[in-house]
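Read off the chains here:
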Amino acid sequence: MAVEVLLPKLGFSMNEGVLAEWLVADGGQAVEGAPLYALESEKSTQEVESPASGTLKIVAQVGETYEVGTVLAVIE
């Protein structure tokens, strides 16, 4: 079953964030609980953990701004 990787809300006032870096390549193996990507918000840059284990299919591009809840990738 595929799991969507969504842009999380990291702070009370956060509405969007910039995808700074993928830490796992497209087609690579994501491991649940391991760092998956770096997210820049107004106040900081944080690594976000993978919600599941499986093959990563990236749909969002590095350097772009996305709203909270946007699908960034799918793990199959």
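Under the annotation held in an unreviewed UniProt entry, the chain carries the name Dihydrolipoamide acyltransferase and is attributed to Rhizorhabdus wittichii.

J.: Mind laying out the overall build of the chain, listing which residues take part and the relevant values?
T.: When you go through the chain residue by residue, the secondary structure sums to zero helices and eight strands. For the chain, the N- to C-terminal ordering of α and β elements is β-β-β-β-β-β-β-β. Buried residues in the chain amount to 32% of all 76 residues. When contacts within the chain are restricted to residue pairs at least 6 apart in sequence, those whose partners lie at least 24 apart make up 53%. Carbon together with sulfur atoms contributes 48% to the accessible area of the chain, which is approximately 4,600 Å² in total.

J.: Lay out the UniProt feature "domain: Lipoyl-binding" (unreviewed entry) in the chain in plain terms, naming residues and giving numbers.
T.: Within this numbering scheme, the UniProt entry marks residues 2-76 as carrying the feature "domain: Lipoyl-binding" (unreviewed entry). Segment residues 2-76 splits into 0% helix and 49% strand. End C-alpha atoms: 4 Å apart.

J.: Break down the nonpolar core for me, with residues and values.
T.: One broad rule of soluble globular proteins: the nonpolar side chains tend to lie buried together. Formed by 18 residues in total, the largest nonpolar core has its most connected members in Trp 22, Leu 36, Tyr 37, Leu 56, Leu 72 and Ile 75. Of all the secondary-structure elements, those providing two or more residues to this core are strand 2 (16-22), strand 4 (35-40) and strand 8 (71-75). Apart from residues no more than four positions distant in its own chain, Leu 56 is found in contact with Trp 22, Val 24, Ala 25, Asp 26, Gly 27, Gly 28, Leu 36, Ala 73, Val 74 and Ile 75.

J.: Go over the pairing of strand 4, please, and point to the residues and values.
T.: If a strand is regular, its side chains alternate between the two faces of the sheet. When strand 2 meets strand 4, the two strands line up antiparallel, connected through four bridges. Within strand 4, the residue paired with Val 18 across the bridge is Glu 40. Counting the residues between successive antiparallel strands, the hairpin from strand 4 to strand 5 (residues 45-49) contains four residues.

Here is what the cut-offs are and how they apply
Position numbers for residues count from 1 along each chain, tracking the sequence in the order it is written. Totals for whole chains, interfaces and linings use every residue, but because this is a predicted model, local features are given only for residues with pLDDT of at least 70 and side-chain atom pairs only at 80 or more, for both listing and counting. Side-chain measures were taken over the full set of non-hydrogen atoms in the model, leaving aside hydrogen atoms and water. Working definition: helices are DSSP H or I runs of at least four residues, strands are E runs of at least two. Numbering for both runs from the N terminus. Three labels apply to residues, based on accessible area from a 1.4 Å probe with only protein chains included: buried if under 20% of the type maximum, exposed if over 50%, partly exposed otherwise in between. Contacts between residues were defined by any pair of non-hydrogen atoms, one from each residue, lying within 4.5 Å. What sets the accessible areas is the Shrake-Rupley method with a 1.4 Å probe; for residues, cover comes only from the shown protein chains. UniProt positions are given in the numbering used here, feature names are shortened, and annotations may be inferred rather than shown by experiment. The definition of a nonpolar core used throughout is a set of buried Ala, Val, Leu, Ile, Met, Phe, Trp, Tyr and Cys residues joined through side-chain atoms within 4.5 Å. A pair of strands is treated as paired once DSSP finds two or more bridges between them.

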